[in-house]
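Single-letter residue listing:
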Amino acid sequence: MLLDLLLPRRCVACGGGGSLLCAACCTALPTLTPPLCALCGAPVSWPVERSPESVARRIAFASARAAVPYDDEVRRFVHRWKEGGLRGLAAVAAEVVADRLPRPDADVVTFVPPDVWRSRRRGHHPAEQLARALAERWRLPCAGLLHATADRRQRGLSRADRQSNPTFRAVATVPSAVLVDDVYTTGATADAAARALGGRVEVVTFARAVRRA
Ligand SMILES: [Zn+2]
Ligand SMILES: [Zn+2]
């Protein structure tokens, strides 16, 4: 993007010059420290196969892992990335993810598609940017395998309700896939996307909402 080249590079966290997220602020990003739920990646008090969070819902994916907790600082970062149109932040997010999470073993990297109401407004799609940057690092192919569908039952629902009841259609099936999204919130999106994909799905996100106990 021409605009990216013209704008001086400043750290989105501290305002320092040089890069979009300076080394100090990158290191200072919070971590999701183990033990984590083997299934959904929620921080737990001791290692479990299914945390209370994932026992309470349907989960079609094999595992979900995130690089950072979705706290206030990360929220600001994600906001600049998604709403501020700072494409370079996808590369920064990918670096943090690749640094902190093991390379998944899968056939292909794919991503949660923009919902049918949002895609045209935002011109670019953070989950796809992150997926493409990660696929490059992991040396895996990247493909858009999912479309968001407008379910008849969703008509008349608020945007928040639509987002908690997402529906997807897969354009192709693969034995195993890494499903990338920017933020894991309740797991409803990841579940619906994994269900549509079929096969073994490992979910990888930049950030994850963490419930206060
Ligand atoms: Zn900084
Ligand atoms: Zn869990």
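Residues numbered from 1 in each chain as written. Chains lettered and ligands numbered in written order. Predicted model: local features only at pLDDT ≥ 70, side-chain atom pairs only at ≥ 80, totals over all residues. Heavy atoms only, no water.

The periodicity of an α-helix, 3.6 residues per turn, causes residues three or four places apart in sequence to face the same way. With 13 residues, helix α6 (residues 126-138) should reach 18 Å at 1.5 Å per residue; the first-to-last C-alpha distance of 18 Å fits that figure. Restricting attention to buried positions, one finds in α6 the residues Pro-126, Ala-127, Gln-129, Leu-130, Ala-131, Ala-133, Leu-134, Ala-135 and Trp-138. Positive backbone phi, approximately 55 degrees, marks Arg-139, located one or two places after α6. (Helix = DSSP H or I, 4+ residues; strand = E, 2+ residues; numbered from the N terminus. Expected span 1.5 Å × (residues − 1). Buried < 20%, exposed > 50% of the residue type's maximum accessible area, 1.4 Å probe, protein only.)

Attention now goes to the packing of helix α5 (residues 88-100) against α6. Two elements in contact, α5 and α6, have axes separated by 9 Å at closest approach and are oriented at 50 degrees. Between α5 and α6, the crossing angle belongs to the class labelled oblique. In the crossing of α5 with α6, the sense of the turn from one axis to the other is right-handed. Contacts between α5 and α6 involve Ala-90, Ala-91, Ala-93, Ala-94, Glu-95, Val-97 and Ala-98 from the first element and Gln-129, Leu-130, Ala-133, Leu-134, Arg-137 and Trp-138 from the second. (Axes fitted to C-alpha atoms, helices over the stretch in contact; angles between N-to-C directions. Parallel < 35°, antiparallel > 145°, perpendicular 65-115°, else oblique. Left-handed = near helix turned anticlockwise from the far one by under 90°. Contact = heavy atoms within 4.5 Å.)

Strand order across the open sheet formed by four strands is β1-β6-β5-β2, with parallel pairing between neighbours. The open sheet has two free edges, formed respectively by β1 (63-69) and β2 (108-111), since each of these has just one partner strand. The sheet shows a mean angle of 25 degrees between the axes of neighbouring strands, taken without regard to direction. Taken together, the eight bridges between strand β5 (residues 176-184) and strand β6 (residues 200-208) define a ladder with parallel strand orientation. Paired with Val-183 across the bridge in β6 is Ala-207. (Pairing = 2+ DSSP bridges.)

This next bit is on the coordination of the zinc ion (ligand 2). Protein-derived ligands of the zinc ion (ligand 2) are Cys-37 (SG), Cys-40 (SG), Ser-51 (OG) and Ser-54 (OG), with the metal-ligand distances lying across 2.1 to 2.3 Å. Note that the zinc ion (ligand 2) binds four donor atoms; their angles at the metal cover 94 to 121 degrees, and the shape is tetrahedral. Of note, the zinc ion (ligand 2) draws all its donor residues from one chain, in the sequence arrangement C-x2-C-x10-S-x2-S. (Donors = N, O, S within 2.8 Å, 3.2 Å for Na, K, Ca; no water. Tetrahedral: all angles 85-135°; square planar, octahedral: opposite > 155°, others 65-115°.)

In this section: the pattern of salt bridges. Across all of its chains, the model carries seven salt bridges by this definition. With its nearest N and O atoms 3.7 Å apart, the salt bridge here joins Glu-202 to Arg-200. For Arg-200, a relative accessible area of 47% gives the class partly exposed. (Salt bridge = Lys/Arg side-chain N within 4 Å of Asp/Glu carboxyl O.)

Quick look at the side chain of Ser-63 now. Its location among the elements puts Ser-63 in strand β1. Aside from chain neighbours lying at most four places away, what touches Ser-63 is Ala-38, Leu-39, Val-201, Glu-202 and Val-203.

By the criterion of burial, helix α8 (residues 188-197) is predominantly enclosed, with seven of the 10 residues buried. Listed in full, the buried residues belonging to α8 are Ala-188, Ala-190, Asp-191, Ala-192, Ala-193, Ala-194 and Leu-197. A positive backbone phi angle near 70 degrees is found at Gly-198, which sits one or two residues after α8.

Here we come to unusual backbone geometry. A cis amide bond, omega 5 degrees, links Pro-34 with the succeeding residue Pro-35. Mapped onto the fold, Pro-35 is located in the loop between α2 (23-28) and α3 (52-55). Of note, Arg-139 is a non-glycine position whose phi angle comes to about 55 degrees, a positive value. By secondary structure assignment, the location of Arg-139 is in the loop between α6 and β3 (146-148). Judged by its relative accessible area of 75%, Arg-139 is exposed.

Of all hydrophobic cores here, the largest spans 40 residues; its most connected members are Phe-77 and Phe-206. Secondary structure elements with two or more residues in this core: β1, α4 (72-82), α5, β2, α6, β5 and β6. (Core = buried A, V, L, I, M, F, W, Y, C linked by side-chain atoms within 4.5 Å.)

Next up on the list: the coordination of the zinc ion (ligand 1). Surrounding the zinc ion (ligand 1) are the protein donor atoms Cys-11 (SG), Cys-14 (SG), Cys-22 (SG) and Cys-25 (SG), which sit 2.2 to 2.3 Å from the metal. Taken together, the four donor atoms surrounding the zinc ion (ligand 1) define angles of 101 to 119 degrees at the centre, an arrangement classified as tetrahedral. Donor residues for the zinc ion (ligand 1) sit on one chain with the sequence pattern C-x2-C-x7-C-x2-C. Here Cys-25 lies in helix α2 and Cys-11 lies in the loop between α1 (2-6) and α2, a separation of 14 residues in the sequence. Note on accessibility: Cys-11 and Cys-25 belong to one class, buried.

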